[in-house]
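This is what each chain is made of:
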Amino acid sequence: MSSTTTGTRPFLEVKDLTVRFETDDGIVQAVSNSSFAVERGKTLGIVGESGSGKSVTSLAVLGLHRTRSNAKVAGEIWLDDQELVTATDEDVRKLRGGKMAMIFQDPLSAMHPYYTVGAQIVEGYRVHHKGVSKKEARTRTIDMLARVGIPQPEKRFNEYGHQFSGGMRQRAMIAMALVNDPQLLIADEPTTALDVTVQAQILDLIRDLQDEFGSAVIMITHDLGVVAELADDVLVMYGGKIIERGPAADVFHEPQHPYTWGLLGSMPRLDRDVRDRLTPVKGTPPSLINLPDGCAFHPRCPYAGRNGNRSFTEVPELRGGVHAVACHLPAEEKRRIFHEEVAPNL
Amino acid sequence: MTDNLLEVSGLKMHFPITKGVFKRKVGAVRAVDGIDLAVKKGETLGLVGESGCGKSTTGRLMTRILEPTEGKVLFDGRDVSHVGQAGLRPLRRDVQMIFQDPYSSLNPRHTVGSIISAPLQIQNIPTPNGLKSAVQDLLKLVGLNPEHYNRYPHEFSGGQRQRIGIARALALRPKLIVADEPVSALDVSIQAQVVNLLDDLQREFDLTYVFIAHDLSVVRHISDRVAVMYLGRVVEIADREQLYKNPRHPYTVALMSAVPVPDPARRERAQRNRVLLTGDVPSPINPPSGCRFRTRCWKAQDICATEDPALIPRLEDPASHQTACHFPVTEDEVVAGRRPAGAQA
Ligand SMILES: Nc1ncnc2c1ncn2[C@@H]1O[C@H](COP(=O)(O)OP(=O)(O)OP(=O)(O)O)[C@@H](O)[C@H]1O
Ligand SMILES: Nc1ncnc2c1ncn2[C@@H]1O[C@H](COP(=O)(O)OP(=O)(O)O)[C@@H](O)[C@H]1O
Ligand code: SF4
Ligand code: SF4
Ligand SMILES: [Mg+2]
Ligand SMILES: [Mg+2]
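Residues numbered from 1 in each chain as written. Chains lettered and ligands numbered in written order. Predicted model: local features only at pLDDT ≥ 70, side-chain atom pairs only at ≥ 80, totals over all residues. Heavy atoms only, no water.

*Asks:* Hey, could you run me through the site of ligand 4 in this one?
*Replies:* Near ligand 4, the surroundings consist of 13 residues, among which C291, C297, C304, C325 and H326 of chain B are the closest. Taken together, the residues that form the shell around ligand 4 break down as nine nonpolar, two polar and two charged. (Near = heavy atom within 4 Å. Nonpolar A, V, L, I, M, F, W, Y, C, P; charged D, E, K, R; others polar.)

Next comes the structure, spelled out in structure tokens:
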């Protein structure tokens, strides 16, 4: 992970974050003991399959669980030296849409059907800039629409979200998120619903804006390709836990967790020769209400027996320095398995 | 006879746009607008392209779920373009379709057993060991527990539901399966399991596949040949290796360069070589004159607005590699490390 040597806190630091939901079916352990950090100007990628806790992690940072009575959040979230888990609702509301902002997979759901795109961005700007005139806010909004590559921004200002194409809508939402110069931008599957050509444009836009404004970005996706394109650091989540964490180059070139191997083995890739067969993880992801004992991955792990029965009884801790892994296999053994058994099939 | 299992020629599907109480026709969505394609016995033909380019419509014409407004569909040499219900009966056995959304394509009120056995009953297929055992064999075949015969779709995960859809498609031992985005809604690890399953089944039953997807990596993995679609047309078609190594159509080049590469070390090179398309796909109601890609093409010249380029072999390409472009992209233009000259960054 990127860590500062000055001894001060990273820009965003999450420590032992745990989020549980009480439901009729039981307690959902959506996020367990997550710790990570993001510096300004850096991008953290969070990958994992659906239901692994990616969105809940980011919603907790934004304080959105506060509106859900069944959510229990524990741990610490430090944003620019301010602790958010214990902060007042009012303080968190001020930060949201201001210092921190979010873009979602489905931009329509984030847009009001009865207000024009322009009116919504103006409103978002004025909430965080009291005393700014309507005219100034309008100018700022049109600048933002132009900045994210929306043609004819003056005209588009007066249109509704549903009149935009998918890619344009995603751009409008990015303009909405960026209008207050957020220092932390959380993007939850922002390109999953888009064609690759449009995805490339949006990723490019996020990269450019980050270069320009130096924000910290959290990019949540199930697509390892998108992470490899953008992220400086990567978290791999499984069953609500971080199972591997490290600089992108390490996680992609020397992955250490059997689940990460499975993810890589599942992907056909254009940058490699065609493989005869994909080498996916067997089985299906666990229910977060009823997590398997020991390592949550053990029912799907081909190496579960190799370390005595600890995999079945003892939850592996996330260990290591910059590149950390939650797996009982000895480090030497992991390296050997990766190079001899896994890498040749990728 | 050729070794083509399916042939379509001059295929068009124009959905009428109507207005007023008298349903006056005011225009048409040209979802498929002149396609010639052949699917060889035993092969997998991949169909790729952006959302709305007509992939699903092509699939539904091939399976004759839709009746084409123009053109021909030949299955096993027989013209089925306009045959009615009775004439379609054998086709309903020989050709099956698998859909993207395993949730909505299965009736939630029916058990897995009745979902999978329905086609057997409709077609009066004899089952020597009984219907139940036939269904259980199919469940085993697709990697599901045969004991789960009496369960309902909601009791299964997305990947398992897709397997149910595959079992249903296999029930009649079809010759051709048209799979429309069969793995797009699935998580990567489950997606790979289903891709491997489709592979195994093809080998075991000599199946022919048309595999529709927007994911170029999955299509490359599974297909023998690939056709790239844009605005209701095939703009390039070739053997898999040939297409991915020597894409000729500017659109194919742009599409491929947009795929994110899961290797941070190649990030900069991938970005440097990326051809970013600007603007949106034009409306299929009023496609551009001449070459339909010209409004987004960095190589467009005057002739592109007036002359519709034919889908034929270009440059030194083999007959099997056809491109609909007046100025096909050459090897020199796409060599690693360089963006095609003139292309926008
Ligand atoms: N029944 C219909 N009536 C009118 N227009 C239709 C109909 N079905 C499809 N279309 C239109 O035809 C065009 C092609 O649609 P089609 O579903 O074949 O695209 P596709 O390539 O499968 O896209 P996707 O990747 O989003 O699935 C689109 O513009 C679509 O809106
Ligand atoms: N409000 C809620 N109430 C109960 N369970 C929830 C709620 N929000 C999310 N969950 C559960 O938390 C788990 C993690 O969800 P999420 O973070 O959305 O996954 P993803 O990794 O796909 O983003 C899932 O099991 C999900 O069903
Ligand atoms: S702890 Fe055991 S079961 Fe878990 S990933 Fe490591 S080897 Fe596999
Ligand atoms: S024919 Fe012209 S406009 Fe069409 S793809 Fe070729 S160069 Fe571009
Ligand atoms: Mg999510
Ligand atoms: Mg479709």
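*Asks:* Is there a simple way to think about the packing of helix α3 (residues 112-122) of chain B against helix α4 (residues 131-141) of chain B in this case?
*Replies:* All names here are of chain B. Where α3 meets α4, the axes come as close as 9 Å, and the angle between the chain directions of the two elements is 110 degrees. Classified by the interaxial angle, the pair formed by α3 and α4 is roughly perpendicular. Where α3 abuts α4, its residues V112, G113, I116, S117, L120 and Q121 lie against L131, A134, V135, L138 and L139. Considering only residue class, the contact of α3 with α4 consists of eight nonpolar, three polar and no charged. (Axes fitted to C-alpha atoms, helices over the stretch in contact; angles between N-to-C directions. Helix = DSSP H or I, 4+ residues; strand = E, 2+ residues; numbered from the N terminus. Parallel < 35°, antiparallel > 145°, perpendicular 65-115°, else oblique. Contact = heavy atoms within 4.5 Å.)

*Asks:* Just checking my understanding: could you explain the packing of aromatic side chains for this structure?
*Replies:* Each aromatic ring pair is described using two quantities: the centre-to-centre distance and the angle formed by the ring planes. All names here are of chain A. If you walk through the whole model with that rule in mind, you get eight aromatic pairs over all chains. For the ring pair Y238 and Y259, a centre distance of 4.5 Å and an interplane angle of 55 degrees mean the geometry is tilted. With Y238 in strand β9 (residues 233-238) and Y259 in helix α11 (residues 258-266), this pair connects stretches of sequence that are 21 residues apart. Across the pair, exposure class does not vary: Y238 and Y259 are buried alike. The structure contains a cluster of three or more aromatic residues connected by ring pairs, namely Y238, Y259 and F297. The ring of F157 carries R138 above its face, with NZ or CZ at 4.4 Å from the centroid. (Phe/Tyr/Trp six-rings, centres within 6.5 Å; stacked < 30°, edge-to-face > 60°. Buried < 20%, exposed > 50% of the residue type's maximum accessible area, 1.4 Å probe, protein only. Lys NZ or Arg CZ within 6 Å of the ring centre and 35° of its normal.)

*Asks:* Can you walk me through the sheet that holds strand β1 (residues 4-19) of chain B in this structure?
*Replies:* Hydrogen bonds between backbone atoms are what pair the strands of a sheet, whose relative direction is either parallel or antiparallel. Residues and elements named next belong to chain B. Pairing within the open sheet is antiparallel, and its four strands lie in the order β2-β1-β4-β5. Both edges of this open sheet fall to β2 (24-40) and β5 (78-79), since each of them pairs with a single strand only. Bridge count for β1 against β2 is 13 bridges, and the pairing is antiparallel. Note that in β2 the partner of N4 across the bridge is K40. Here helix α1 (residues 55-62) sits on the sheet and contacts β1, β2 and β4 (70-75); the angle it forms with β2, its principal contact strand, is near 70 degrees. (Pairing = 2+ DSSP bridges.)

*Asks:* Would you explain the pattern of salt bridges in this entry?
*Replies:* Between side chains of opposite charge, a pair can form when the charged atoms approach closely. Overall, the coordinates contain 37 salt bridges over all chains when judged by the stated rule. When the shortest N-O distance is used, the salt bridge between D137 of chain B and K140 of chain B registers 4.0 Å. A residue pair is termed a helical-turn pair when its members lie 3 or 4 positions apart in one helix, as D137 of chain B and K140 of chain B do in helix α4 at three residues. With a relative accessible area of 53%, K140 of chain B lands in the exposed category. Where salt bridges share partners, they join R306, E333, R336, E340 and E341 of chain A into one cluster. (Salt bridge = Lys/Arg side-chain N within 4 Å of Asp/Glu carboxyl O.)

*Asks:* I tried to follow the side chain of H221 of chain B on my own but got confused; where do I start?
*Replies:* Structurally, the position occupied by H221 of chain B is in helix α7 (residues 216-222). Among the residues examined, H221 of chain B registers a relative accessible area of 8% and is labelled buried.

*Asks:* Explain the nonpolar core to me, please; I cannot follow it from the model alone.
*Replies:* In terms of nonpolar packing, the biggest core is built from 68 residues, with I116, I164, I166, L170, L198, F211 and Y251 of chain B touching the most fellow members. Looking at this core, the element that brings in the most residues is helix α6 (residues 188-205) of chain B, giving seven residues. Judged by nonpolar contacts, the second largest core, of 37 residues, contains V122, Y125, L178 and V198 of chain A. (Core = buried A, V, L, I, M, F, W, Y, C linked by side-chain atoms within 4.5 Å.)

*Asks:* Hey, could you run me through the site of ligand 2 in this one?
*Replies:* Residues and elements named next belong to chain A. Taken together, 15 residues form the shell around ligand 2, and within it G51, G53, K54, S55 and V56 come nearest. At 3.5 Å from a nitrogen atom of ligand 2 is found a side-chain nitrogen or oxygen belonging to N70. Burial of ligand 2 by the protein chains amounts to 70% of its free accessible area of 570 Å². Of all the secondary-structure elements, those providing two or more residues to the shell around ligand 2 are β1 (12-23), β2 (26-38) and α1 (54-61). A per-element tally of the shell around ligand 2 places α1 first, with three residues. Grouping the constituent residues of the shell around ligand 2 by class yields five nonpolar, seven polar and three charged. (Polar contact = N/O pair within 3.5 Å; in protein donor to acceptor, adjacent residues only side chain to side chain. Areas by Shrake-Rupley, 256 points an atom, 1.4 Å probe, with all protein chains shown as cover.)

*Asks:* Explain the sheet that holds strand β5 (residues 82-83) of chain A to me, please; I cannot follow it from the model alone.
*Replies:* Residue and element names in this part refer to chain A. With antiparallel pairing, the four strands of this open sheet are ordered in space as β2-β1-β4-β5. Looking at which strands have only one partner, the edges of the open sheet turn out to be β2 and β5. This element, α1, spans β1, β2 and β4 (71-79) of the sheet and lies at about 115 degrees to β1.

*Asks:* Quick question: what am I supposed to make of the interface of chain B and chain A here?
*Replies:* Interface size is often expressed as the accessible area that is lost when the parts come together. Of the residues lining the interface, 42 residues belong to chain B; the matching set on chain A comes to 47 residues. Interface area for chain B against chain A, summed over the two sides, is near 3,800 Å², with a carbon-plus-sulfur share of 56%. Between D200 of chain B and R277 of chain A there is a salt bridge whose closest N-O contact spans 2.8 Å. At the surface where chain B touches chain A, the tally comes to 19 residue pairs in polar contact (both at pLDDT 80 or more). Those elements giving two or more residues to the side of chain B that touches chain A turn out to be α6, α7, α8 (240-245), α9 (250-257) and α10 (267-273) of chain B. The dominant element in the side of chain B that touches chain A, judged by the number of residues it contributes, is α6 of chain B, at nine residues. Across the side of chain B that touches chain A, the residue classes break down as 19 nonpolar, ten polar and 13 charged. (Buried area = accessible area lost by both parts, 1.4 Å probe.)

*Asks:* Honestly, α9 of chain B in this entry has me stumped. Any pointers?
*Replies:* Each α-helix turn comprises 3.6 residues. Residues three or four places apart therefore point the same way. Most of α9 of chain B sits out of view: eight of its eight residues are buried. Listed in full, the buried residues belonging to α9 of chain B are P250, Y251, T252, V253, A254, L255, M256 and S257 of chain B.

*Asks:* Would you explain unusual backbone geometry in this entry?
*Replies:* Among all residues except glycine, the phi angle is most often negative; among peptide bonds, the trans geometry is most common. For Q152 of chain A, which is not glycine, the phi dihedral falls at a positive 50 degrees. Among the secondary structure elements, Q152 of chain A is positioned in the loop between α5 (134-147) and α6 (153-156). Take Q152 of chain A: its relative accessible area is 51%, and that puts it in the exposed class. Here the phi dihedral of N124 of chain B falls at roughly 55 degrees; this positive angle occurs in a residue that is not glycine. By the secondary structure assignment, N124 of chain B is in the loop between α3 and α4. By relative accessible area, N124 of chain B is classed as exposed at 63%.

*Asks:* Help me understand helix α2 (residues 85-94) of chain B in this model?
*Replies:* All names here are of chain B. By the burial criterion, the buried members of α2 are L88, L91 and D94. Looking straight down α2, one finds that the buried residues subtend no more than 105 degrees of arc, so they occupy a single side. Opposite its buried face, α2 presents the exposed residues Q85 and A86, each directed more than 90 degrees away. (Arc of directions from axis to C-beta.)

*Asks:* Explain the packing of helix α4 (residues 117-128) of chain A against α5 of chain A to me, please; I cannot follow it from the model alone.
*Replies:* For any two helices packed against each other, one specifies the crossing angle of their axes together with the interaxial distance. Residues and elements named next belong to chain A. Axis separation between α4 and α5 bottoms out at 9 Å; the angle between their running directions is 115 degrees. Once α4 is placed against α5, the crossing between them reads as right-handed. Across from V117, G118, I121, V122, Y125 and R126 in α4, the residues of α5 making contact are K134, A137, R138, R140, T141 and L145. Taken together, the residues of the contact of α4 with α5 sort by class into six nonpolar, two polar and four charged. (Left-handed = near helix turned anticlockwise from the far one by under 90°.)

*Asks:* Would you mind showing me how to read the pairing of strand β7 (residues 184-188) of chain A here?
*Replies:* Residues in a regular strand point their side chains to alternate faces of the sheet. Residues and elements named next belong to chain A. Among the five residues in β7, five count as buried, and that is most of the element. Residues L184, I186 and D188 line one face of β7 and the alternating positions L185 and A187 line the opposite face, and both faces are buried. Both strand β6 (residues 100-103) and β7 contribute to a ladder of four bridges, which runs parallel. Residue pairing across strands places M102 opposite I186, the latter belonging to β7. Here five bridges tie β7 to strand β8 (residues 216-221), and the two strands are oriented parallel to one another. Looking at the pairing, L184 lines up with A216 of β8.

These figures come from the coordinates and say nothing about function on their own.
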